[in-house]
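What the coordinates show
For reference, the chains in residue letters:
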Amino acid sequence: MTSMRPWAAGLAVAVLALTGCEREAPAEQPVTPAPAASPAPAPGATVLALAERDPDFTTLVSALQAAGMAEMLGGDGPFTVFAPTNAAFEKVPAARRDFLTTPEGLPELRRLLSYHVVPGRLDASSLVQRIEAGGGSLALTTVNGGVLTARVGADGTVMLTDAAGGTSRVVEADIIAANGAVHAVDTVAEPG
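Residues numbered from 1 in each chain as written. Predicted model: local features only at pLDDT ≥ 70, side-chain atom pairs only at ≥ 80, totals over all residues. Heavy atoms only, no water.

1. Things to note about the overall build of the protein
This is how the line gets drawn: A run of H or I in DSSP counts as a helix once it spans at least four residues, and a run of E counts as a strand once it spans at least two, with each numbered from the N terminus. The accessible surface values rely on the Shrake-Rupley method and a 1.4 Å probe; as for residues, cover is taken only from the protein chains in view.
A tally of regular secondary structure across the protein gives eight helices and seven strands. Of the roughly 8,700 Å² of accessible surface on the protein, 58% is carried by carbon and sulfur atoms.

Pasting the structure below:
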């Protein structure tokens, strides 16, 4: 579990200490939902607790703590979190990461993180069904009011397009918590 640190030092250490943190799954493997019923949630574990246990989300957890959002994701929910991995945060330019660790950067950090959270629980199967029912795309309104557009790529992978036109790919789906679902993504989405 990630320990609590003063917000600036904890986030700065987590963001700047990352080098070469890649997910084990090969980039070519599509994320395909099981046609069966929704996965069972981890007993009593919240979205936040599951993220704290996963070594690929240390930067995200530190950022949530710094932004004062950890309590929200530890609350009732339900939430669907498109959670950037450590490697996804590493793609963010160093100057921007540095800015987000400052007191002046906190509003932008909150805006950025809340853009990855959608109200309600969407497991991968439900997400794909809604994309198909929407004619191939699904507009997801995030808790900050922005929109992420979800599509299924040719390889079966769920792709998200952000407000800035960037794309991210779900690299691990259905990390199911008592208060929601987490889908790991390979790129930090930009709210525009």
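2. Points about the nonpolar core
We count it as follows: The definition of a nonpolar core used throughout is a set of buried Ala, Val, Leu, Ile, Met, Phe, Trp, Tyr and Cys residues joined through side-chain atoms within 4.5 Å. Residue burial is assigned from relative accessible area. The probe radius is 1.4 Å, only protein chains are included, and a residue is buried under 20% of its type maximum, exposed over 50%, and partly exposed in between. We call two residues in contact when some of their heavy atoms are within 4.5 Å.
Core analysis: the biggest nonpolar cluster contains 34 residues, and Phe57, Leu73, Val81, Leu109 and Leu113 have the highest contact counts within it. For this core, the elements supplying multiple residues, two or more each, are α2 (47–53), α3 (58–66), α4 (70–73), β1 (79–84), α5 (86–90), α7 (106–114), β6 (167–177) and β7 (180–185). Sequence-distant contacts of Leu113, that is, excluding residues within four places in its chain, are made with Leu60, Ala63, Leu64, Ala67, Met69 and Phe89. Listed in part, the 16 residues of the second largest apolar core include Leu127, Leu160, Val185 and Ala189.

3. Concerning the pattern of salt bridges
The condition is simple: For salt bridges, the criterion is a side-chain nitrogen of Lys or Arg within 4 Å of an Asp or Glu carboxyl oxygen.
A full pass over the atoms with the stated rule returns three salt bridges. We note a salt bridge from Glu108 to Arg96, for which the minimum N-O separation is 2.6 Å. One end of the pair, Glu108, is in helix α7; the other, Arg96, is in helix α6 (residues 94–100), and twelve residues separate them in sequence. Note on Glu108: relative accessible area 27%, which makes it partly exposed. The network of salt bridges with shared partners includes Arg96, Glu108 and Glu190.

4. Examining the sheet that holds strand β4 (residues 147–152)
Pairing between the strands of a sheet comes from backbone hydrogen bonds, and it takes one of two forms, parallel or antiparallel. Let me state the cut-off plainly: When DSSP finds two or more bridges between a pair of strands, those strands are recorded as paired. Axis lines are fitted through C-alpha atoms, for helices just across the contact stretch, and the angle between N-to-C directions can take any value from 0 to 180 degrees.
Ordered by their spatial adjacency, seven strands build an open sheet running β2-β1-β7-β6-β5-β4-β3, and the pairing between neighbours is mixed. Because the sheet does not close on itself, it has two edges, and the strands there are β2 (117–119) and β3 (138–141). For this sheet, the mean inter-axis angle between neighbouring strands, taken without regard to orientation, is 30°. Across three bridges, β1 lies against β2 in antiparallel orientation. Residue pairing for β2: Thr80 is matched across the bridge by Val118.

5. Section: the side chain of His116
For His116, the position within the fold is in the loop between α7 and β2. Not counting residues within four places of it along the chain, the set of residues in contact with His116 comprises Thr80, Val81, Phe82, Pro84, Val188 and Ala189.

6. Some thoughts on unusual backbone geometry
Glycine aside, residues mostly have negative phi angles, and peptide bonds mostly take the trans form. That bond from Gly77 to Pro78 is cis: its omega, 5°, falls within 30 degrees of zero. Backbone geometry places Asp174, a non-glycine residue, at a positive phi of 60°. Overall, the relative accessible area of 24% leaves Asp174 in the partly exposed class.

7. So, the side chain of Thr101
Just so we agree on the cut-off: Any N or O atom pair separated by 3.5 Å or less is treated as a polar contact, with the protein-specific requirement of one donor-capable and one acceptor-capable atom, and with residues adjacent in sequence counted only for side-chain atom pairs.
Examined against the element boundaries, Thr101 turns out to sit in the loop between α6 and α7. Within the local environment of Thr101, its side chain forms a polar contact with the backbone oxygen of Asp98, the two atoms lying 2.5 Å apart.

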